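If you want the building blocks of each chain, they are given just below.
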Amino acid sequence: MPAERGFTVVVLAAQRDGRLDPLAAEAGVSHKCLVPISGRPLLAHVLAAIAEVGGVGEIRISVEAGAEGALRAVPGAKGELGVPVRFVAAEATIPDSLYAAAEGADAPFVITTADNVLLTADAMGRVAAKLGAGDDVVVALSRREAVLSAHPQGQRRFYRFTDGHFSNCNLYGLSAAGLKLAETFREGGQFAKNPARIARAVGLFNLLLLRYGLLSLDGALARLSRRFGVRASAVVLEDGAHAIDVDNQRTYAIAAQLLDRRAA
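Residues numbered from 1 in each chain as written. Predicted model: local features only at pLDDT ≥ 70, side-chain atom pairs only at ≥ 80, totals over all residues. Heavy atoms only, no water.

## Notes on the overall build of the protein chain
Reasoning step 1: Check the secondary structure of the protein chain and you find ten helices and ten strands.
Reasoning step 2: Here the protein chain holds 264 residues, and 50% of them are scored as buried.
Reasoning step 3: For the protein chain, restricting intrachain contacts to residue pairs at least 6 apart in sequence, the fraction spanning at least 24 positions comes to 73%.
Reasoning step 4: For the protein chain, the exposed area adds up to about 12200 Å²; of that, 54% sits on carbon and sulfur atoms. (Helix = DSSP H or I, 4+ residues; strand = E, 2+ residues; numbered from the N terminus. Buried < 20%, exposed > 50% of the residue type's maximum accessible area, 1.4 Å probe, protein only. Contact = heavy atoms within 4.5 Å. Areas by Shrake-Rupley, 256 points an atom, 1.4 Å probe, with all protein chains shown as cover.)

Below, the structure written as structure tokens:
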């Protein structure tokens with residue numbers, strides 16, 4: 001019996017700032033998510049993982065207007081894996097793209113990126129389960145030890161807490177109430193590299209506590225919950241490969257190695 005369908009997956013596939021990604025340019029394709037890796041486009045790996053998750057009502061792929069034609073040729077992008085797929089025109093900012101993708105869709109939402117090729121159905125299912133239990137904001141993380149065990153060069157940026165160092169896995173969950181937190185990313189760019197943006201989002205005092213590793217992971221989430229009036233939680237994934245996506249030639253080579261290892 002098929003699983004009851006109850007949430008929407010949003011896949012962010014637009015080019016950053018509308019510029020052709022260097023990996024895409026080298027591969028001769030229009031978008032990074034079309035670059036082949038381990039025999040399939042990046043996006044195909046992501047869609048295949050999503051299709052294995054029970055409870056997905058629809059996949060919405062956010063990409064620049066007029067670009068959906070190229071992406072429709074990707075295996076799984078026409079709904080042939082059993083989950084309906086809809087393309088939605090991306091907007092100029094991440095939050096506006098999320099709002100556009102969420103319009104008229106069933107909440108809650110699980111959000112990932114089209115270059116998250118090491119995504120697994122188990123990881124997505126765990127995020128969805130947290131949303132189903134009533135959480136508004138869910139972030140998937142992996143411990144530094146697990147990430148470095150997956151590959152010693154796979155990730156170089158970690159968040160420090162009193163109970164360990166963590167990396168995000170480009171996998172998030174938002175309820176209808178939690179969707180408003182997309183405003184945090186309105187300025188664009190990579191959040192972790194801009195302390196001023198973090199301060200504006202979470203407050204200067206909270207930023208200092210985070211910056212100097214004076215909070216546990218649960219403590220930080222509790223503070224964020226109070227600040228935004230939502231219920232926030234984390235899913236800590238034991239497989240550190242989840243924290244490695246395809247950003248550049250270095251991480252492309254690492255991701256290809258890990259995909260081949262999984263397939264062996």
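## A short note on the side chain of Gln15
Reasoning step 1: Assignment of secondary structure puts Gln15 in the loop between strand S1 (7–12) and helix H1 (22–27).
Reasoning step 2: Within the local environment of Gln15, its side chain forms a polar contact with the backbone oxygen of Ser30, the two atoms lying 2.5 Å apart.
Reasoning step 3: If we ignore the near neighbours within four places in the chain, the residues touching Gln15 are Leu20, Asp21, Ser30, His31, Lys32 and Glu64. (Polar contact = N/O pair within 3.5 Å; in protein donor to acceptor, adjacent residues only side chain to side chain.)

## Digging into the confidence of the model for the protein chain
Reasoning step 1: Mean pLDDT over the protein chain works out to 87, with 86% of the residues at or above the 70 mark.
Reasoning step 2: Note on residues 187–192: pLDDT is under 50 here. Beyond four places in sequence and across chains, it has 14 contacts. (pLDDT = per-residue confidence, 0-100.)

## So, unusual backbone geometry
Reasoning step 1: Here the bond from Ala107 into Pro108 is cis, since omega is 0°, no more than 30 degrees from zero.
Reasoning step 2: For Pro108, the position within the fold is in the loop between helix H4 (94–102) and strand S6 (109–113).

## Here's the deal with the nonpolar core
Reasoning step 1: In terms of nonpolar packing, the biggest core is built from 41 residues, with Ile59 and Ile61 touching the most fellow members.
Reasoning step 2: If you list the elements that add at least two residues to this core, you get S1, helix H2 (42–51), strand S4 (56–63), strand S5 (85–89), helix H5 (121–132), strand S7 (137–143) and strand S9 (164–174).
Reasoning step 3: In this structure, Ile59 is in contact with Val9, Val11, Leu47, Ile50, Val83, Pro84, Val85 and Arg86, ignoring residues within four places of it in sequence.
Reasoning step 4: Membership of the second largest hydrophobic core comes to 23 residues, among which are Ala105, Ile111, Phe166 and Leu181. (Core = buried A, V, L, I, M, F, W, Y, C linked by side-chain atoms within 4.5 Å.)

## What about H5?
Reasoning step 1: For H5, spanning twelve residues, the distance from its first C-alpha to its last is 16 Å, which sits close to the expected 16 Å at 1.5 Å a residue.
Reasoning step 2: Among all positions of H5, only Ala121, Ala123, Met124, Val127, Ala128 and Leu131 are buried. The buried residues of H5 occupy an angular sector of 165° when projected down its axis, which confines them to one face.
Reasoning step 3: Considering only its buried residues, H5 is in contact with S1, H2, S6, S7, S9 and strand S10 (232–236).
Reasoning step 4: Positive backbone phi, approximately 110°, marks Gly134, located one or two places after H5. (Expected span 1.5 Å × (residues − 1). Arc of directions from axis to C-beta.)

## Side note on the packing of aromatic side chains
Reasoning step 1: Enumeration over the complete set of coordinates arrives at one aromatic pair.
Reasoning step 2: With centroids separated by 5.8 Å and ring planes inclined at 65°, the aromatic side chains of Phe161 and Phe166 adopt a geometry described as edge-to-face. Summarising the burial analysis for this pair, Phe161 and Phe166 share the class buried. (Phe/Tyr/Trp six-rings, centres within 6.5 Å; stacked < 30°, edge-to-face > 60°.)

## A few points about the side chain of His31
Reasoning step 1: Relative to the helices and strands, His31 is located in the loop between H1 and strand S2 (36–37).
Reasoning step 2: Sequence-distant contacts of His31, defined by excluding residues within four places in its chain, comprise Ala13, Gln15, Ala24, Val63, Glu64, Ala67 and Leu71.

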